[in-house]
Amino acid sequence: MNRVKTYEQTGILALSDLILPSKKQLEKGVAILECIQEIPCNPCVDACPVHAISMKDINAPPVNNYDLCTGCTRCVGICPGLAIFVIKIKQGKAYVTLPYEFLPIPKVGDTVRGLDRAGVYQTDAVVTRVVRQGKTMVITIEVPEQYALEIRNIQV
Ligand code: SF4
Ligand code: SF4
């Protein structure tokens, strides 16, 4: 079906592969699960304190209930596939929280390069939060709102 077709053709997720939140849900802040392959994995389900994430069975792709999700970011560093991103838009800015496992680790206030899903530079980003979650750093960056659904990695 179309959800898998774009990914299979390019190796890179397209927005049409994903279940996207509404503008109102993005203003609240929600996790987008960029995980569409059927793999036996479910730590995101157990990590969510409000039980927003569900799956039909252990092999099914997870689905986030955007109305329940609080955007707490707890699931971001838990995902072994580095496939979860929390997005919040506010006053023309997008705050993208992403998993990061490279060095050097950026500091709050640093300006870094914002990359899209293909690893291509799109815009500069300012680091607003850095926390460790196990072996994964969970980093929040601020970018112009129009990049909310595009920036998914950084280059420090
Ligand atoms: S951001 Fe928080 S509330 Fe939302 S799905 Fe992840 S763990 Fe659950
Ligand atoms: S933890 Fe990550 S890879 Fe595993 S099912 Fe959840 S979103 Fe997919």
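Residues numbered from 1 in each chain as written. Chains lettered and ligands numbered in written order. Predicted model: local features only at pLDDT ≥ 70, side-chain atom pairs only at ≥ 80, totals over all residues. Heavy atoms only, no water.

Q: Looking at this structure, I do not really get the overall build of the protein chain. What am I missing?
A: Counting its secondary structure elements, the protein chain contains three helices and nine strands. When its helices and strands are written in sequence order, the protein chain yields α-α-β-α-β-β-β-β-β-β-β-β. The globule rule puts the C-alpha radius of gyration for 156 residues at 15 Å, and the 15 Å found for the protein chain is close to it. Referenced to the eigenvectors of the C-alpha coordinate spread, the extents of the protein chain come out at roughly 40 × 35 × 30 Å. The 156 residues of the protein chain split such that 41% are buried. A sequence separation of at least 24 residues applies to 55% of the contacts in the protein chain between residues at least 6 apart. Looking at the protein chain as shown, the accessible area adds up to about 8500 Å², and 53% of this sits on carbon and sulfur atoms. (Helix = DSSP H or I, 4+ residues; strand = E, 2+ residues; numbered from the N terminus. Rg over C-alpha atoms; globule rule 2.2 N^0.38 Å. Buried < 20%, exposed > 50% of the residue type's maximum accessible area, 1.4 Å probe, protein only. Contact = heavy atoms within 4.5 Å. Areas by Shrake-Rupley, 256 points an atom, 1.4 Å probe, with all protein chains shown as cover.)

Q: In this structure, what is going on with the site of ligand 1? I would like to understand it.
A: Taken together, the neighbourhood of ligand 1 is formed by 14 residues, with Cys48, Cys69, Thr70, Cys72 and Cys75 sitting nearest. Classifying every residue of the shell around ligand 1 gives nine nonpolar, four polar and one charged. (Near = heavy atom within 4 Å. Nonpolar A, V, L, I, M, F, W, Y, C, P; charged D, E, K, R; others polar.)

Q: Please explain the pattern of salt bridges as it appears in this structure.
A: A pair can form between side chains of opposite charge whenever their charged atoms are brought close. By the definition in use, this model includes five salt bridges. With its nearest N and O atoms 2.8 Å apart, the salt bridge here joins Glu34 to Arg117. Of this pair, Glu34 sits in the loop between β1 (30-33) and α3 (43-47) while Arg117 is found in the loop between β6 (111-115) and β7 (121-133), placing the two residues 83 residues apart along the sequence. One salt-bridge network, in which partners are shared between bridges, spans Lys23, Glu27 and Glu145. (Salt bridge = Lys/Arg side-chain N within 4 Å of Asp/Glu carboxyl O.)

Q: What exactly am I supposed to notice about the environment of Asp116 here?
A: By the element assignment, Asp116 lies in the loop between β6 and β7. Along the primary structure Asp116 and Pro43 are separated by 73 residues, whereas in three dimensions their C-alpha atoms are 25 Å apart. Apart from the residues lying within four places of it in its own chain, the contact partners of Asp116 are Gln122, Glu150 and Arg152. Side-chain polar atoms of Asp116 contact the side chain of Gln122, separated by 2.8 Å. (Polar contact = N/O pair within 3.5 Å; in protein donor to acceptor, adjacent residues only side chain to side chain.)

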